[in-house]
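# Residue-level structure breakdown
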Amino acid sequence: MNHGGLRPVNRIVIENCAIATVDAQDTEHASGHVVVAGNRIESVGPGPAPQGLDGVARRVDGTGHLVTPGLVNTHHHFYQWLTRGLAQDHNLFDWLVALYPTWARIDEPMVYAAARGSLAMMVRGGVTTAMDHHYVFPRGAGDLLGAEIRAARELGVRFTAARGSMDLGSSDGGLPPDFAVESTEDALSATEEAIDTHHDASFDAMLRIAVAPCSPFSVTTELMRESAELARRKGVRLHTHGSETVEEEKFCHERFGMGPTDYFADTGWLGEDVWMAHCVHMNDADIAAFARTGTGVAHCPSSNARLAAGIARVPDLLAAGVPVGLGVDGTASNESGELHTELRNALLINRLGDHREKALTARQALRLGTHGGARVLGREGEIGSLEPGKLADLVLWKLDGIGHSTIADPVAALVLGAAAPVTLSLVNGEPVVEAGRLLTADEDAIARDARDEARRLARIAAEG
């Protein structure tokens, strides 16, 4: 009976599954249950769900499965979905120079199709919170940030949209061509408008905005400083690229007389409200500065390997207490476009570094992709672990098939085995994936639209 005029709460009960909560104690259950009530996790524990629950709309037998928090992506460039497979043998700077002229021709329909492709690939692979760093805004191209926001809303994924910017063209010593940059004033004005229009600071927000000038080699010092001031005045987070390559290190020393971390400190870009993508080339002092200030890192192992950037010192960052999450990065430098494969790549690539077999464990890799990402995005109180009261973003991974059935440890099966099929994914308590297929969009239509827009972009770029 419904007392007091309150609406009944629908519950989803998942039972008989292995559970990795990724809470502070790394609590796991070999066979347990998760109860979702509305958009919140109501209970998690061993054995069957409590008896006598009201309003159970669905029961899921999770035998042969592992439940984890939904994956959290902390760095991406959706528009690059249209330029995958190009500049295959370039380092970062050469790759950017090769692709900037094409990227500078994007428009709203292209970005919408690219965002749908990028999001669909991640969501069907277990991502429940996506992030995008969009910084290319050609004049007259339409509402590019709005196109991404619309795509995320339609697919039902939680989303942090980082409104990027570039104001340092090649004629002023920057890397991007002049026609690909905005004025400092236009970039700041558009970023503030994006915050005022779209940012939702509530606990269960599906959309948040971050301030995200692109990088030290494409942005003026004025825009860096004023962006930090804007973000803190508005109470939103800051994001940029940092210490990705040796070429960037050289650029900063030549232009600013200091390395990237010192430059970020000088411009107000270190703090608990900041996270940087990559952070590959960091010395002990840099790591200590990040740890002291609480500055976060988006680790993108596949992209760093694709562009030969190097191996980030993730074990040292974690040991120092630096917040670290995982990022797909743009799909022009990580063509798979998937985050669940980054769990495996983070573990394997870091074991090639100084710490070798002690670099990362399977459970640390899972934490990077879940709670670590939530912490980097400033949402660890809401998502990133399976705990009562948190938002119901979770994934049920199938581990009893040919790819995983002989791996007894379910977390090792997920991280080290083949990409695991997603039987069910919930975002905010709502199913978005069933049996490996999106429920919120037509995958075949997304593929066709993205292909057509990629061809249109290539044609326009070729015409100059």
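As recorded in an unreviewed UniProt entry, the chain goes by the name Chlorohydrolase, listed as coming from Streptomyces himastatinicus ATCC 53653.

## Looking at the overall build of the chain
Each helix and strand in the chain was counted, giving 14 helices and 17 strands. Counting every position in the chain, which comprises 464 residues, the buried fraction comes to 59%. On the chain, roughly 17,500 Å² of surface is accessible, and the fraction owed to carbon and sulfur atoms is 50%. Put simply, the chain has 41 plus and 62 minus side-chain charges, and the middle of one group is 4 Å from the middle of the other.

## A closer look at the environment of alanine 320
Take alanine 320: it is sitting in helix H10 (residues 314-320). Using a relative accessible area of 38% as the deciding quantity, one classes alanine 320 as partly exposed. Sequence separation between alanine 320 and phenylalanine 290 is 30 residues; the distance between their C-alpha atoms is 8.7 Å. If sequence neighbours within four positions are ignored, alanine 320 has contacts with Ile287 and Ala291.

## Quick look at the pairing of strand E11 (residues 274-278)
In terms of residue burial, E11 counts as a mostly covered element, since five of its five residues are buried. Inspection of the sheet shows strand E10 (residues 237-242) paired to E11 by five bridges, in the parallel sense. Each residue of the ladder has a partner; that of histidine 241, found in E11, is alanine 277. Inspection of the sheet shows E11 paired to strand E12 (residues 296-299) by three bridges, in the parallel sense. The partner of tryptophan 275 across the bridge, within E12, is glycine 296. Following the chain from E11 across helix H8 (residues 284-293) to the adjacent parallel E12, one finds a crossover that is right-handed.

## With respect to the packing of aromatic side chains
On inspection of all chains with the given rule, the structure shows 10 aromatic pairs. Seen in terms of ring centroids, tyrosine 79 and tryptophan 103 are 5.2 Å apart; in terms of plane orientation they differ by 85 degrees. Their pairing is edge-to-face. Of this pair, tyrosine 79 sits in the loop between strand E6 (71-72) and helix H1 (92-103) while tryptophan 103 sits in helix H1, placing them 24 residues apart in sequence. Across the pair, exposure class does not vary: tyrosine 79 and tryptophan 103 are buried alike. Arranged with centres 5.8 Å apart and planes meeting at 90 degrees, the rings of tyrosine 100 and tryptophan 103 form a pair that is edge-to-face. Placement of both tyrosine 100 and tryptophan 103 in helix H1 is noted, with a separation of three residues, approximately one turn of the helix. The ring of tyrosine 112 carries arginine 150 above its face, with NZ or CZ at 4.0 Å from the centroid. Positioned above the aromatic ring of phenylalanine 137, the side-chain terminus of arginine 163 is 3.6 Å from the ring centre.

## Observations regarding the pattern of salt bridges
Here the structure, examined in full by the defined rule, presents 27 salt bridges. Across the pair arginine 313 and aspartate 284 runs a salt bridge, and its minimum N-O distance is 2.7 Å. With a gap of 29 residues between them, arginine 313 in the loop between helix H9 (301-306) and H10 and aspartate 284 in helix H8 connect regions that are remote in the sequence. A relative accessible area of 55% means that aspartate 284 is categorised as exposed. Residues glutamate 387 and lysine 390 are paired through a salt bridge, measuring 3.6 Å at the closest nitrogen-oxygen approach. You can call glutamate 387 partly exposed: its relative accessible area is 29%. Judged by relative accessible area, lysine 390 falls into the buried class, the value being 8%. Three or more residues joined by partner-sharing salt bridges are found here, namely Glu192, Asp196, Arg233 and Lys234.

## Describing unusual backbone geometry
Note on backbone geometry: most residues besides glycine have negative phi, and most peptide bonds are trans. The backbone of aspartate 329 sits at a positive phi, close to 70 degrees, despite the residue not being glycine. Structurally, aspartate 329 can be placed in the loop between strand E13 (324-326) and helix H11 (340-350). One non-glycine residue, asparagine 428, adopts positive backbone phi at about 60 degrees. Structurally, asparagine 428 can be placed in the loop between strand E15 (422-427) and strand E16 (430-434).

## Observations concerning the layout of surface pockets
By volume, the largest pocket amounts to about 360 Å³. Surrounding the largest pocket, 19 residues form its lining, Phe137, Gly142, Arg163, Glu182 and Ala190 being those nearest its centre. For the lining of the largest pocket, the secondary-structure elements that each account for two or more residues are helix H3 (144-155) and helix H4 (184-198). Ranked by residues supplied to the lining of the largest pocket, first place goes to H4 with six residues. Looking at side-chain class alone, the lining of the largest pocket contains eight nonpolar, five polar and six charged residues.

## Section: the packing of H4 against helix H5 (residues 221-234)
Packing of H4 against H5 leaves a shortest axis separation of 11 Å and a crossing angle of 20 degrees. The pairing of H4 with H5 is recorded here as roughly parallel in orientation. H4 and H5 meet at a crossing whose hand is right-handed. Residues Thr184, Ala187, Leu188, Thr191, Glu192, Ile195 and Asp196 of H4 touch H5, and the partners they reach there are Glu222, Leu223, Glu226, Ser227, Leu230, Arg233 and Lys234.

Rules behind the numbers
Residues numbered from 1 in each chain as written. Predicted model: local features only at pLDDT ≥ 70, side-chain atom pairs only at ≥ 80, totals over all residues. Heavy atoms only, no water. Helix = DSSP H or I, 4+ residues; strand = E, 2+ residues; numbered from the N terminus. Buried < 20%, exposed > 50% of the residue type's maximum accessible area, 1.4 Å probe, protein only. Areas by Shrake-Rupley, 256 points an atom, 1.4 Å probe, with all protein chains shown as cover. Lys, Arg positive; Asp, Glu negative; His and termini not counted. Charge placed at Lys NZ, Arg CZ, Asp CG, Glu CD. Contact = heavy atoms within 4.5 Å. Pairing = 2+ DSSP bridges. Right-handed = clockwise from strand over helix to strand, strands pointing away. Phe/Tyr/Trp six-rings, centres within 6.5 Å; stacked < 30°, edge-to-face > 60°. Lys NZ or Arg CZ within 6 Å of the ring centre and 35° of its normal. Salt bridge = Lys/Arg side-chain N within 4 Å of Asp/Glu carboxyl O. 1 Å grid on protein atoms, 1.4 Å probe; cavity = no way out; pocket = protein on both sides within 12 Å on 5 of 7 lines; lining within 4 Å. Points joined across faces, edges and corners; volume = space filled by probe spheres on them. Nonpolar A, V, L, I, M, F, W, Y, C, P; charged D, E, K, R; others polar. Axes fitted to C-alpha atoms, helices over the stretch in contact; angles between N-to-C directions. Parallel < 35°, antiparallel > 145°, perpendicular 65-115°, else oblique. Left-handed = near helix turned anticlockwise from the far one by under 90°.

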